[in-house]
Amino acid sequence: MKKTLKYIWLLLLVVLFAMQFIRPNKNNGGLEGITAFKNDTKPSDNVLIILKQNCFDCHSDSTKYPWYAEIAPISYWLADHVKEGKGDFNMSAWQTYSIKKKDHKLEELVEELEEGEMPLDSYTWIHGKLSKEDQERLIQWATLARIQYQDELKVSFK
């Protein structure tokens, strides 16, 4: 039994060592795609700072990776986390969203903030939580930004 346990540990170490050399792709597309999002939603400077500090890493094509992102299996977990975040809401792909989808994404953003679902706990453990003031700023901005999409949707249904 002890011998089998040693082999399992050795195999685990070999796998962990090998994982250090097989890296997931990084999300470093740049912030160029954010322009359409900024032009459309018109965040204030304060809101833009909040978005950059708390949202861009997982919800745009530009992620600033912490030092521990170089260590497997954390690197794989972060890559998956970013992929899921961009799948739900990608500010860099804003120009590809329909008016209805843009409205819906902002509606979801408000709901997630109001319910305390965003940012995720795994993010806040390291980076800290959003202050109530910052949450309110984001909610107010997203609610105002939605008005233009709701107006456009009303016009298109007439």
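Everything that follows concerns the structure shown earlier in this document.
The present account deals with the structure reproduced in this document. If you're wondering where the values come from, they're calculated on a predicted model, not measured in any experiment. (Residues numbered from 1 in each chain as written. Predicted model: local features only at pLDDT ≥ 70, side-chain atom pairs only at ≥ 80, totals over all residues. Heavy atoms only, no water.)

Quick notes on the overall build of the protein
Right, on to step 1. The helix and strand inventory of the protein stands at eight helices and zero strands.
Right, on to step 2. Going residue by residue from the N terminus, the α and β elements of the protein occur as α-α-α-α-α-α-α-α.
Right, on to step 3. Its C-alpha atoms give the protein a radius of gyration of 20 Å, clearly above 15 Å, the size a compact globule of 158 residues would have.
Right, on to step 4. In the protein, buried positions account for 36% of the 158 residues.
Right, on to step 5. In the protein, 79% of the contacts between residues at least 6 apart in sequence involve partners at least 24 apart.
Right, on to step 6. Total accessible area on the protein stands at roughly 10600 Å², and carbon and sulfur atoms take up 60% of it. (Helix = DSSP H or I, 4+ residues; strand = E, 2+ residues; numbered from the N terminus. Rg over C-alpha atoms; globule rule 2.2 N^0.38 Å. Buried < 20%, exposed > 50% of the residue type's maximum accessible area, 1.4 Å probe, protein only. Contact = heavy atoms within 4.5 Å. Areas by Shrake-Rupley, 256 points an atom, 1.4 Å probe, with all protein chains shown as cover.)

With respect to helix α2 (residues 34–41)
Helical periodicity: at 3.6 residues per turn, an α-helix aligns residues three or four positions apart in one direction.
Right, on to step 1. The set of residues buried in α2 consists of Ile 34, Phe 37 and Thr 41. The buried side chains of α2 occupy one side of the element, clustering within an arc of 60 degrees when seen end-on.
Right, on to step 2. Of the residues flanking the end of α2, it is Lys 42, one or two places downstream, whose phi is positive at about 50 degrees. (Arc of directions from axis to C-beta.)

A look at the environment of Ile 126
Right, on to step 1. Within the fold, Ile 126 resides in helix α7 (residues 121–127).
Right, on to step 2. On the basis of relative accessible area, Ile 126 is assigned to the exposed category, the value being 52%.

So, empty space enclosed by the protein
Right, on to step 1. Within this structure, the stated rule accounts for two cavities of 30 Å³ or more.
Right, on to step 2. The space that makes up the largest cavity amounts to roughly 190 Å³.
Right, on to step 3. Contributions of two or more residues to the lining of the largest cavity are made by α4 (56–59), α5 (74–88) and α7.
Right, on to step 4. Lining the second largest cavity are Arg 23, Pro 24, Asn 25, Lys 26, Tyr 65, Ala 69, Ser 75 and Ala 79.
Right, on to step 5. Here the residues of the lining of the second largest cavity sort into four nonpolar, two polar and two charged. (1 Å grid on protein atoms, 1.4 Å probe; cavity = no way out; pocket = protein on both sides within 12 Å on 5 of 7 lines; lining within 4 Å. Points joined across faces, edges and corners; volume = space filled by probe spheres on them. Nonpolar A, V, L, I, M, F, W, Y, C, P; charged D, E, K, R; others polar.)

Coordinates in, geometry out; function isn't part of it.
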